[in-house]
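Residue-level structural notes
Below, each chain spelled out in residue letters.
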Amino acid sequence: MQQNDNEARIDPWQGRVDSEESGNSRRWHQVVRPVAEAERPGRALVGFCSDAGVARNKGRVGASEGPLALRRQLANLAYHLEAPLYDAGDVVCEGDALEAAQQAFAARVTGLLDQGHRVIGLGGGHEIAFASFSGLLAHARGLADRPRIGILNLDAHLDLRHAERASSGTPFRQCAELCEQEGIEFRYTCLGVSQTGNTSALFERAESLGVEWVLDDACRSIASPEVKGALDRLLARVDVVYLTICLDTLPAWIAPGVSAPAARGIELAFVEDVIDYLAARTELPMVDVAELNPRLDTESRTARVAARLVERLAR
């Protein structure tokens with residue numbers, strides 16, 4: 001495992017320059033700066049280049065290339081944010097050294113949060129989730145003895161697998177175990193769950209851990225009692241929310257570039273509505289987008305969708 005900055009790779013921050021336009025015509029590549037140059041807190045992007053968790057979970061690898069592909073799509077977006085934008089580089093998982101990479105990513109997240117940034121993680125497999133949550137919890141521990149952190153996962157999978165080794169299928173079970181070790185309550189809600197993509201054993205484990213979930217076919221509108229109720233119950237119990245979006249929650253024709261494409265999924269507009277609903281009601285210090293696999297993408301569809309979601313998360 002090593003930590004890597006963009007200068008050591010092909011620079012993704014390139015794009016169109018509308019020099020003949022009057023007024024503000026900036027794009028992301030013209031605004032983003034290395035986090036080391038930060039003069040005030042802003043939005044800090046940090047990549048998690050990992051395939052180890054997907055490989056351990058017997059999935060299709062290639063997600064380690066996700067952060068670079070995502071930055072390339074972000075580069076040419078028109079810039080409408082008020083906050084400064086920073087790139088905090090990548091944490092790279094070398095080979096199978098997943099645990100070391102998760103520790104390194106968590107430490108970087110904690111450091112960025114301590115500096116006042118809102119952190120946006122770029123995956124990488126969904127093993128990023130345990131690293132993101134661990135980093136947020138370490139930061140929150142510096143502010144309160146018993147922090148009240150909620151997890152909202154938009155995902156076709158509960159990712160509560162029991163296994164001897166951590167993988168992309170175990171992160172929220174690991175979060176539950178970490179909460180137990182730290183003596184705090186595990187508060188986890190998952191929207192978009194596929195009935196056919198999760199075994200009865202996983203649903204039983206979710207129930208035993210007090211997890212709340214809403215199946216994909218019920219996630220038609222954020223105004224539905226089932227969805228709104230689940231969100232409001234989570235918000236009532238926490239002070240901040242860690243929001244994580246697994247791209248395989250979207251239909252395969254919208255997001256083909258993932259390890260496990262969804263036969264049904266939930267609509268992009270629904271995901272955007274959830275982001276907006278949370279942002280209007282609570283702090284979102286740590287968010288991430290996971291499972292972008294450029295090797296399996298078609299015409300960069302998934303990367304473009306992921307970039308749109310990151311832009312919304314950065315507002």
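All of the points below concern the structure found in this document.

Rules and cut-offs
- Residues numbered from 1 in each chain as written.
- Predicted model: local features only at pLDDT ≥ 70, side-chain atom pairs only at ≥ 80, totals over all residues.
- Heavy atoms only, no water.
- Helix = DSSP H or I, 4+ residues; strand = E, 2+ residues; numbered from the N terminus.
- Rg over C-alpha atoms; globule rule 2.2 N^0.38 Å.
- Buried < 20%, exposed > 50% of the residue type's maximum accessible area, 1.4 Å probe, protein only.
- Contact = heavy atoms within 4.5 Å.
- Axes fitted to C-alpha atoms, helices over the stretch in contact; angles between N-to-C directions.
- Parallel < 35°, antiparallel > 145°, perpendicular 65-115°, else oblique.
- Left-handed = near helix turned anticlockwise from the far one by under 90°.
- Nonpolar A, V, L, I, M, F, W, Y, C, P; charged D, E, K, R; others polar.
- Pairing = 2+ DSSP bridges.
- Polar contact = N/O pair within 3.5 Å; in protein donor to acceptor, adjacent residues only side chain to side chain.
- Expected span 1.5 Å × (residues − 1).
- Core = buried A, V, L, I, M, F, W, Y, C linked by side-chain atoms within 4.5 Å.

A word on the overall build of the chain
The number of helices and strands found in the chain is 10 helices and 10 strands. Taken over C-alpha atoms, the radius of gyration comes to 18 Å for the chain, in line with the 20 Å a tight globule of 315 residues would show. For the chain, the residues scored as buried account for 59% of the 315 residues in total. The contacts in the chain between residues at least 6 apart in sequence include a share of 78% that link residues at least 24 apart.

Some points on the packing of helix α5 (residues 128-141) against helix α6 (residues 171-182)
Two quantities define a packed helix pair, namely the angle between the axes and the distance from one axis to the other. One way to put it is that α5 packs onto α6 with a least axis distance of 9 Å and a crossing angle of 25°. Relative to α6, the element α5 is oriented roughly parallel. In the packing of α5 onto α6, the handedness of the crossing is right-handed. Two secondary-structure elements touch here, α5 through A129, F130, F133, S134, L137 and R141 and α6 through P171, F172, Q174, C175, L178, C179 and E182. Taken together, the residues of the contact of α5 with α6 break down into nine nonpolar, two polar and two charged.

What to know about the pairing of strand β5 (residues 118-123)
In summary, the side chains of a regular strand alternate between the two faces of the sheet. Burial within β5 is extensive, with five of its six residues counted as buried. As paired elements, strand β3 (residues 43-49) and β5 share six bridges and run parallel to each other. Within the sheet, the bridge partner assigned to R43 lies in β5 and is R118.

As for the packing of helix α9 (residues 268-279) against helix α10 (residues 301-313)
Contact pair α9 / α10: the axes reach a minimum separation of 10 Å and the direction vectors enclose 20°. The orientation of α9 with respect to α10, classified from their angle, is roughly parallel. The interaxial crossing formed by α9 with α10 has right-handed handedness. For the pair α9 and α10, the contacting residues are L268, V271, E272, I275 and D276 in the first and V305, R308, L309, R312 and L313 in the second. Of the residues that constitute the contact of α9 with α10, the class distribution is six nonpolar, no polar and four charged.

Quick look at the environment of R71
For R71, the position within the fold is in helix α3 (residues 66-75). Sequence separation between R71 and Q14 is 57 residues, and the spatial gap between their C-alpha atoms is 9.5 Å.

Quick notes on the environment of T282
In this fold, T282 is placed in the loop between α9 and β10 (283-290). With 44 residues separating them in the primary sequence, T282 and V238 have C-alpha atoms 8.9 Å apart. The residues touching T282, leaving out its near neighbours within four places in the chain, are L235, D239, V240 and V241. At 3.3 Å, the side chain of T282 forms a polar contact with the backbone oxygen of D239.

Looking at α5
Taking 1.5 Å as the rise per residue, α5 with 14 residues should run 20 Å; its terminal C-alpha atoms sit 20 Å apart, in good agreement. The buried fraction of α5 amounts to 12 of the 14 residues, a majority that puts the element mostly inside the structure. Within the span of α5, buried status applies to I128, A129, F130, A131, S132, F133, S134, G135, L136, L137, H139 and A140.

As for the nonpolar core
Counting residues in each nonpolar core, the largest one holds 55 residues, and the members touching the most others are W28, L45, L152, L191, L243, L278 and V310. Beyond its immediate chain neighbours, meaning those up to four positions away, W28 contacts W13, L45, L74, A75, L77, A78, Y79, L81, L85, V310, E311 and A314. Ranked by size, the runner-up nonpolar core spans 46 residues in total, among them F130, L136, F186 and Y188.

A short note on the side chain of Q174
In this structure, Q174 sits in helix α6. Beyond its immediate stretch of four places on either side in the chain, Q174 contacts Q102, F130, A166 and S167.

Purely geometric numbers; function is a separate question.
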